[in-house]
Amino acid sequence: MNADEMKKQAAWAALEYITTDGVVGVGTGSTVNHFIDALATIKHRIEGAVSSSNASTQRLKDYGIEVFDLNQVNEVAVYVDGADESNHALQLIKGGGGALTREKIIAAVADKFVCIADSSKRVDILGKFPLPVEVIPMSRSYVAREIVKLGGQPVYREGVITDNGNVILDVHGLDIMEPIKLEKTLNDIVGVVTNGLFAMRPADVLLLGSENGTQTVFANK
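Anyway, here's the lowdown on the structure attached to this text.

Cut-offs used in this document
Starting from 1, residues in each chain are numbered consecutively following that chain's sequence as written. With pLDDT at 70 or above as the cut-off, local features in this predicted model cover only qualifying residues; side-chain atom pairs require 80 or more to be listed or tallied, and sums for whole chains, interfaces and linings still use all residues. Water and hydrogen atoms were dropped before computing side-chain values, which therefore reflect all heavy atoms in the structure. Only protein chains enter the accessibility calculation, which uses a 1.4 Å probe; a residue is then buried when its area is under 20% of its type maximum, exposed when over 50%, and partly exposed in between. Where helices and strands are cited, they refer to DSSP runs of H or I of at least four residues and of E of at least two residues respectively, numbered from the N terminus. Residues are said to line a cavity or pocket when one of their atoms sits within 4 Å of a point; the points come from a 1 Å grid over protein atoms alone, cavities being sets where a 1.4 Å probe fits but cannot get out and pockets being open sets with protein on both sides within 12 Å along at least five of seven lines. Grid points are joined across faces, edges and corners, and a volume is the space filled by probe spheres set on the points. Following the grouping adopted for this structure description, the nonpolar residues are Ala, Val, Leu, Ile, Met, Phe, Trp, Tyr, Cys and Pro, the charged ones are Asp, Glu, Lys and Arg, and the polar ones are all others, Gly among them. The arc in question is the one spanned by the directions pointing from the helix axis to the C-beta atoms. Only heavy atoms matter for contacts: two residues are in contact if any of them lie within 4.5 Å across the pair. Take a side-chain nitrogen of Lys or Arg and a carboxyl oxygen of Asp or Glu: if they are within 4 Å of each other, that pair is a salt bridge. Between any two strands, at least two bridges found by DSSP are needed for them to pair. Think of each axis as a best-fit line through the C-alpha atoms, taken over the contacting stretch in the case of a helix, with angles from 0 to 180 degrees between the N-to-C directions. The pairing test for Phe, Tyr and Trp rings, Trp by its six-membered ring, is centres within 6.5 Å, and the orientation test on the planes gives stacked under 30 degrees, edge-to-face over 60, and tilted for anything in between. Lysine NZ or arginine CZ positioned within 6 Å of the ring centre and within 35 degrees of the ring normal marks a charge as sitting over the ring.

**Observations concerning helix H2 (residues 30-39)**
Reasoning step 1: The buried fraction of H2 is high, at seven of ten residues.
Reasoning step 2: Inspection of H2 places Thr31, Val32, His34, Phe35, Ile36, Ala38 and Leu39 among the buried residues, and these make up the whole buried set.

**What to know about the layout of surface pockets**
Reasoning step 1: The space that makes up the largest pocket amounts to roughly 250 Å³.
Reasoning step 2: Taken together, 19 residues make up the lining of the largest pocket; nearest its centre are Thr28, Gly29, Ser30, Ala83 and Asp84.
Reasoning step 3: Looking at the lining of the largest pocket residue by residue, the class counts come to four nonpolar, eight polar and seven charged.
Reasoning step 4: Its volume calculated, the second largest pocket comes out at about 210 Å³.
Reasoning step 5: What lines the second largest pocket is Val50, Ser51, Ser53, Asn54, Thr57, Val67, Phe68, Asp69, Leu70, Arg102, Ile105 and Ile106.
Reasoning step 6: For the lining of the second largest pocket, the secondary-structure elements that each account for two or more residues are strand E2 (48-51), helix H3 (54-62) and helix H4 (100-109).
Reasoning step 7: The dominant element in the lining of the second largest pocket, judged by the number of residues it contributes, is H4, at three residues.
Reasoning step 8: The residue makeup of the lining of the second largest pocket, split by class, is six nonpolar, four polar and two charged.

**Quick notes on helix H6 (residues 179-187)**
Reasoning step 1: Looking at H6, one finds that the buried residues are Pro179, Leu182, Glu183 and Leu186. One face of H6 carries all of its buried residues, which in axial projection span an arc of 105°.
Reasoning step 2: Tucked inside the fold, the buried residues of H6 contact H4, strand E7 (131-135), helix H5 (140-149), strand E10 (192-195) and strand E11 (197-198).

**Let's talk about the pattern of salt bridges**
Reasoning step 1: Scanning the entire structure with this criterion turns up nine salt bridges.
Reasoning step 2: Linking Glu103 and Lys94 is a salt bridge whose minimum nitrogen-to-oxygen distance equals 3.3 Å. Accessibility classification places Glu103 together with Lys94 in one group, the buried group.
Reasoning step 3: Salt bridges linked by common partners bring Asp81, Lys94 and Glu103 together as one network.

**A closer look at the sheet that holds E10**
Reasoning step 1: The strand order across the open sheet built from four strands is E8-E9-E7-E10, with neighbouring strands paired in antiparallel fashion. Edge positions in the sheet fall to strand E8 (153-156) and E10, since each has one partner strand and no second. Going across the sheet, the axis of each strand differs from the next one's by a mean of 30°, ignoring polarity.
Reasoning step 2: Relative to strand E9 (residues 167-172), E7 runs antiparallel, the two being bridged by five bridges. Across the sheet, Leu131 pairs through a bridge with Val171, a residue of E9.
Reasoning step 3: Each of E7, E8, E9 and E10 is contacted by H5, which is oriented at about 15° to E9, the strand it contacts most.
Reasoning step 4: Where H6 meets the sheet, its contacts fall on E7 and E10, and the angle it forms with E10 comes to roughly 165°.

**Brief notes about the packing of aromatic side chains**
Reasoning step 1: This structure, assessed with the given rule, holds two aromatic pairs.
Reasoning step 2: Grouped by ring-pair contacts, the aromatic residues Tyr79, Phe113 and Phe198 constitute a single cluster.
Reasoning step 3: Positioned above the aromatic ring of Phe198, the side-chain terminus of Lys104 is 5.2 Å from the ring centre.
Reasoning step 4: Above the face of the Tyr156 ring, Arg140 is positioned so that its terminal group lies 4.0 Å from the ring centre.

Written as structure tokens, this is what we have:
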């Protein structure tokens, strides 16, 4: 079983968490694309979705699933999204696809955050995957200098503009021992929109596709 098959396995397992007649929060990325495919099979059971990216919005609409602006809904029962890394507390690095800000907003609103991934994404210490930081374009160089002071090695993701019209710095060389502290520190830098650490609002459950079937992981389990 290859990585994509494991992603698909986890994505379909997430259907178990979808409540009837509610609005589903939908993330972004290759694993989430499998989830959208799965969600389409039960679209008659849901009211619609809120989406973290233009790409996911289009895929949902292609299946005939209504997509709401987040400001139009009072509640998001479940948010389903992937991750680039997850530690044992289900604190995540996200944003490899560039949608970290909208992902973080929907995760904050959702009652339950279900993370779907293949088994390679679970790690002991976050940081091997470069940490994305979304920044206002005019602040890019300043933010990069501040990140260097923190011990990171920021690399401008050339040619990428987020759905919010901003740019991304990918921060290499970090062993993230205190994810919540670093998340707050980075967000305090003027010009940072947000960063890809989902530590203050971690996942509630992690579904890992593996050779031995889907593993359901809860924090510190």
